[in-house]
Amino acid sequence: MKRAISTLLTLPQSLPTLQSLHAHLLKSNLLIADRIVFHYLEFSRFSDARNLFDEIPLKDLPSWNNAISSFSRKGCVGVCLDLMRRVRDEAGLEPNDVTIVSVIGCCGNAGAVEAGRFVHGVVVKCGWFGVVRVGNALIAMYGRFGDVTGAVRVMKSMKTKNVVSWNSILIMYVRNGMSGDVMRVFGGMREAGVRPDQATMVSVCQGVIEMGIAKQVEMVHGCVLKSGFGADVLVMTSVLSAYARSGRLDEGKKVFGEMSVRDSVAWTAMLAAYAVHGRGKEAIQLFELMVKDGVRADHVTFTHLLSACSHSGLLDAGQGYFNNMSIIYGVEPRMDHYSCMVDLLGRSGDVEGAYRLIKTMPMAPNAGVWGALLAACRIHKNTELGKVAAENLFALDSSDHRNYVMLSNIYSASGQWTDASRTRSLMKVKGLTTNPGWSLIEHGNTGHRFLVGDQSHPESPRIYTKLEEMMGKLKEAGFVRRTEFVLHDVAEDVKEDMINKHSEKLAIAFGLLVTSPSMPITIIKNLRICGDCHMMAKLVSLTESRKIIIRDTKRFHHFADGVCSCGDYW
């Protein structure tokens, strides 16, 4: 009987069935209540789970640990702390590392900073700090808090570290956007003689993806092969993505082509690579090949497929896939798919159609959907719908500075300076600040970062001389400045001076100085490229006979012979 019920409890249960089993167990005195506690929590019946656990007459340490672990997975910080206290005070038992790791994990996942620091104190007081898995759990917890200093302090104070310790630090840096530290830690890990595992290599790849420095991707790829992960699908998929995000799409394609086994994640990663580079037709060909190969497409696949259509202006193809994804492929459209379609319709000029689609959505639109409409309104200068999109964005999240900036830009581009100023003032009242724009270019195994009007670089005199020479050539070629992208009500000559010092122009000038004419100039931007810099890059690629690749927050732009791969559609 006990074995039969135990087996039944491992299967998904309805709540009435679970309650019936609970009653039967009480009558039969079969003490497998731990599992019922777990299942009650799966149904979010927190009181029932807590009451049942309290009714268990004789609880050993594994029972306490099972309960703490179950409540931890549900983010019940207060319950976990109370149970940890009761282990010693009520049951007279000594908590072990299993107990404390569950509580630490709960604090980290729930973002309970004060509770986490309290538990850290308990760890030190009770002498658990020498247990490696406890130290690893603390590193992960502080990483989730965004407390880099706390995580590093724990790491440094650990006498014994294993691969999980190093991985926890790597993941922490990746999650907190500190990609530059990923390679430094990875180097320290190798110097310490710790052999990397799959999680290590995936984390390092994620780090170099954000950095976008191709030579670092090459180095990581070499480490992957030397460490024996050349046949690991997940790791090689990460390498593929790293190459693509560093501007080396052809190298990413080569990695994909050499993979002996490709799962749906690998196919989708290649699809995403085509999407971000604006290679819509290749993305469609790959998708059809994927389906023909018997690989099942999921919602993530369709998100990248529709994104690829949007970035390439393939309106008919995008609408076709969107309309048929549930009928033919059995994938119901989700929020991201609607966001892609709003983006596709809006960028193609059908802003009203994009708005109509939003109004027919079966779920409430999120910030991604309204943001796509707002971006389309900026491109096509539809001030009225832009205001509608912005108002909905403010209602969803009034603290996101990007929405205010976008609306202000729409007003500025249409000459409505009073409304633009009012929107900027509202940002100041709310205490919102914008991130300064920067452009990064790789040279000499190092990333050189430029800000607007930056003169801090050692080569600044040469850079500005080259910039002046470059802009002179463009003026002779008939380049007309697009000063509408200067979002301030100032004189025209002041606007030209301001727009001349945009960070991507400085990066391009530096690239012309230091890179070989046969090599493309690759630049990473943290903001969307403005229209004037986009036009300038096209003309520089023509007048200087150079290939220029710029990655902004939306996509890659490949400039060559006066043309951009986006077809001026971004």
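You'll find the structure just up there.
Just so we're clear, the structure is a prediction, and the values are computed from it rather than from any experiment.

Caption draft 1: Layout of helix H5 (residues 61-73). For H5, which comprises 13 residues, the first-to-last C-alpha distance of 18 Å matches the rise-based estimate of 18 Å (1.5 Å per residue) to within 8%. A positive backbone phi angle near 75° is found at Gly75, which sits one or two residues after H5.

Caption draft 2: Spatial organisation of the pairing of strand S2 (residues 446-451). Inspection of the sheet shows strand S1 (residues 438-443) paired to S2 by six bridges, in the antiparallel sense. Opposite Ser439, over in S2, you have Phe450 as the bridge partner. Here S1 folds back onto S2, and the loop between the two strands holds two residues, one of which, Gly444, carries a positive phi near 60°.

Caption draft 3: Focus on the nonpolar core. Ranked by internal contacts, the top residues of the largest apolar core, which has 133 residues, are Ile100, Ile104 and Leu373. Residue contacts for Ile104: discarding those within four places in its chain leaves Val119, Val123, Val134, Ala137, Leu138 and Met141. Membership of the second largest hydrophobic core comes to 28 residues, among which are Ile521, Ile523, Met536 and Cys566.

Caption draft 4: Up close: unusual backbone geometry. A positive phi is found at Lys381, a non-glycine position, where the angle reads about 55°. For Lys381, the location among the structural elements is in the loop between helix H23 (367-380) and helix H24 (383-396). A positive phi angle is found at Ser545, which is not glycine, with a value near 50°. Counting through the fold element by element, Ser545 comes out in the loop between helix H30 (531-543) and strand S4 (548-551). On the basis of relative accessibility, which here comes to 59%, the residue Ser545 falls in the exposed class.

Caption draft 5: The arrangement of helix H11 (residues 163-175) in detail. Taking 1.5 Å of rise per residue, 13 residues should cover 18 Å, and H11 covers 18 Å from first to last C-alpha, within 8% of that figure. Of all the residues in H11, the buried ones are Ser165, Trp166, Asn167, Ser168, Ile169, Leu170, Met172 and Tyr173. Immediately downstream of H11, the backbone of Gly177 shows phi near 70°, a positive value.

Caption draft 6: View of the environment of Val291. Positionally, Val291 belongs in helix H18 (residues 280-292). Judged by its relative accessible area of 32%, Val291 falls in the partly exposed class. As a C-alpha pair, Val291 and Tyr329 span 38 residues in sequence and 9.4 Å in three-dimensional space.

Caption draft 7: Local environment of the packing of helix H20 (residues 315-324) against helix H21 (residues 335-347). Closest axis-to-axis distance for the H20/H21 pair is 10 Å, and the angle between their directions is 155°. The pairing of H20 with H21 is recorded here as roughly antiparallel in orientation. As for how H20 packs across H21, the hand of that crossing is left-handed. Each of Leu315, Gly318, Gln319 and Phe322 in H20 lies in contact with H21, whose residues at this interface are His337, Tyr338, Met341, Leu344 and Leu345. Taken together, the residues of the contact of H20 with H21 sort by class into six nonpolar, three polar and no charged.

Caption draft 8: Spotlight on the pattern of salt bridges. Enumeration according to the criterion identifies 16 salt bridges in this entry. Among the ionic pairs, Arg117 bridges to Glu114, the shortest N-O distance being 3.6 Å. Placement of both Arg117 and Glu114 in helix H8 (residues 113-126) is noted, with a separation of three residues, approximately one turn of the helix. Look at Glu114 and you get exposed, because its relative accessible area is 59%. Taking the shortest distance from any N to any O, the salt bridge between Asp532 and Lys505 comes out at 2.9 Å. Here the residue Asp532 occupies a position in helix H30, and Lys505 occupies one in helix H29 (residues 503-514), the gap between them amounting to 27 residues. Judged by its relative accessible area of 0%, Asp532 is buried. Owing to a relative accessible area of 0%, Lys505 belongs among the buried residues under this scheme. Here the salt bridges do not stand alone but share partners, grouping Asp82, Arg85 and Asp89 into one network.

Here is what the cut-offs are and how they apply
Residues numbered from 1 in each chain as written. Predicted model: local features only at pLDDT ≥ 70, side-chain atom pairs only at ≥ 80, totals over all residues. Heavy atoms only, no water. Helix = DSSP H or I, 4+ residues; strand = E, 2+ residues; numbered from the N terminus. Expected span 1.5 Å × (residues − 1). Pairing = 2+ DSSP bridges. Core = buried A, V, L, I, M, F, W, Y, C linked by side-chain atoms within 4.5 Å. Buried < 20%, exposed > 50% of the residue type's maximum accessible area, 1.4 Å probe, protein only. Contact = heavy atoms within 4.5 Å. Axes fitted to C-alpha atoms, helices over the stretch in contact; angles between N-to-C directions. Parallel < 35°, antiparallel > 145°, perpendicular 65-115°, else oblique. Left-handed = near helix turned anticlockwise from the far one by under 90°. Nonpolar A, V, L, I, M, F, W, Y, C, P; charged D, E, K, R; others polar. Salt bridge = Lys/Arg side-chain N within 4 Å of Asp/Glu carboxyl O.

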